[in-house]
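Fold and geometry: a report
Residue strings, one per chain:
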Amino acid sequence: MPLNPQTRQTLGTGVKRALALLRPACHVLMAPHAVVLDTGSQASPLVRQCHNFAGTLEEQFGAAAVSLLQLVDESGCRGRRLHLVVSDFWARPLVLPMAGNLPSDEDIDAVLHSQYRRTYGDWMGAWHWCWDRQGARLVAVAWPTVGLVALQEGLARHGGVLATAKPLAVDVASALPPAGGPGWVAIVESQSFTLVRQLDVGWQTWCVTPGSADLAHNLPLQLARECARFGDGCRSVTLIDLYGRGSINNVKLALADAGWSVTLRASNEPGASVARRLLQAIPSRSTA
């Protein structure tokens, strides 16, 4: 998912960007429990685990951005391009119909400003959104502004640039085989789970549910609520287990008992997305 034009202009230009393009790019996963930096060398990715989940979402996002900048310092990979994948734990997604001609960037920004406040409340003033067009729909995500700006400015001080930034759901779903028709994707993270309804032409809906306790109850329940909005009888779901959770089979059984056809994908299968590859560098990922 590309950043919108206003953000692209803030990510660094001129000599710094030109020099960064000449060097190998780095790949990063930023999640509540850990930040992973792959410098592209033969060495293993660097990992900084986080064990303190106190504070607001904005504060936690800012702390993760600080950890990422510290890893950049420790790795010596200054002056590089970073391709960032951000956990959906911090995502505030929207999927909106966009029929007709493509509106201007200013019109899209006005629509998102109104819809985000209607959906998430006035506190969205502290969050920055970016968007992409998928067929007849607009897919958007918002992240905390202060942490995002601090990350951009910190990288600039290191002579680097934030080349891309995308949500984990976009990264993971892009590596899946094309959907042959309507279908759901359920992505389980350490502190949240994501539900996406997709078609060949794009996404129809995208929601994130914080918390991961009692997944065998909460995930099927939330999926049933989302499915009821469409009412077309689609009962196919791809369940993606990012952390090798011992309880994921219970979730699969609960979905099957509720009449779902479930395809379970492991966290370490070949050909996985960038985020799923970086997750393998985090020690002791399994949760019983």
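Below you will find a few notes about this structure. (Residues numbered from 1 in each chain as written. Predicted model: local features only at pLDDT ≥ 70, side-chain atom pairs only at ≥ 80, totals over all residues. Heavy atoms only, no water.)

1. Here's the deal with the pairing of strand E5 (residues 92-97)
The side chains of a regular strand alternate, residue by residue, between the two faces of the sheet. Counting buried residues in E5 gives five out of six residues, a clear majority hidden from the surface. In terms of strand pairing, E5 meets strand E7 (residues 137-144) through six bridges, oriented antiparallel. Bridging across to E7, Pro93 finds its partner in Val141. (Buried < 20%, exposed > 50% of the residue type's maximum accessible area, 1.4 Å probe, protein only. Helix = DSSP H or I, 4+ residues; strand = E, 2+ residues; numbered from the N terminus. Pairing = 2+ DSSP bridges.)

2. Thoughts on the sheet that holds strand E4 (residues 81-86)
Ordered by their spatial adjacency, five strands build an open sheet running E3-E2-E1-E4-E8, and the pairing between neighbours is mixed. The open sheet has two edge strands with one neighbour each: strand E3 (46-49) and strand E8 (161-167). Ignoring strand direction, the axes of neighbouring strands in this sheet form an average angle of 15°. The sheet contact formed by strand E2 (residues 34-38) and E3 spans four bridges and is antiparallel. In the sheet register, Leu37 faces E3, and the bridge partner there is Leu46. (Axes fitted to C-alpha atoms, helices over the stretch in contact; angles between N-to-C directions.)

3. Let's talk about the packing of helix H3 (residues 57-75) against helix H5 (residues 145-157)
Contact pair H3 / H5: the axes reach a minimum separation of 8 Å and the direction vectors enclose 15°. The orientation of H3 relative to H5 falls into the category roughly parallel. Our pair here, H3 against H5, has a crossing hand that is right-handed. Here Phe61, Gly62, Ala65, Leu68, Leu69 and Val72 of H3 lie close against H5, whose contacting residues are Gly147, Leu148, Ala150, Leu151, Gly154 and Leu155. By residue class, the composition of the contact of H3 with H5 is nine nonpolar, three polar and no charged. (Parallel < 35°, antiparallel > 145°, perpendicular 65-115°, else oblique. Left-handed = near helix turned anticlockwise from the far one by under 90°. Contact = heavy atoms within 4.5 Å. Nonpolar A, V, L, I, M, F, W, Y, C, P; charged D, E, K, R; others polar.)

4. Considering the environment of Leu176
Of note, Leu176 is situated in the loop between helix H6 (168-174) and strand E9 (183-188). Since its relative accessible area comes to 12%, Leu176 is described here as buried. Spatially, the C-alpha atom of Leu176 lies 8.5 Å from that of Ser273, the residues being 97 residues apart in sequence. Leave out the neighbours within four places in its chain, and Leu176 touches Val185, Ile240 and Arg265.

5. Structural notes on the pattern of salt bridges
Evaluated as defined, the whole model comprises five salt bridges. For the salt bridge of Arg277 with Asp38, the shortest nitrogen-to-oxygen distance reads 2.9 Å. One end of the pair, Arg277, is in helix H9 (residues 274-279); the other, Asp38, is in strand E2, with 239 residues separating them in the sequence. For Arg78, the salt bridge is made with Asp73, and the minimal N-O distance between the two is 2.8 Å. Note on Arg78: relative accessible area 48%, which makes it partly exposed. Residue Asp73 is classed as partly exposed on the basis of its relative accessible area of 39%. (Salt bridge = Lys/Arg side-chain N within 4 Å of Asp/Glu carboxyl O.)

6. Points about the packing of aromatic side chains
Applying the stated criterion to the full structure yields six aromatic pairs. The interplanar angle of 15° and the centroid separation of 5.4 Å between the aromatic rings of Tyr116 and Trp129 together place this pair among those described as stacked. Highlighted residues: Tyr116 in helix H4 (residues 105-120) and Trp129 in strand E6 (residues 127-134), separated in sequence by 13 residues. You'll find Tyr116 and Trp129 in the same group, each marked buried. Measuring from centroid to centroid gives 5.1 Å for Trp203 and Trp206, while their planes differ by 85°, and the two rings are edge-to-face. (Phe/Tyr/Trp six-rings, centres within 6.5 Å; stacked < 30°, edge-to-face > 60°.)

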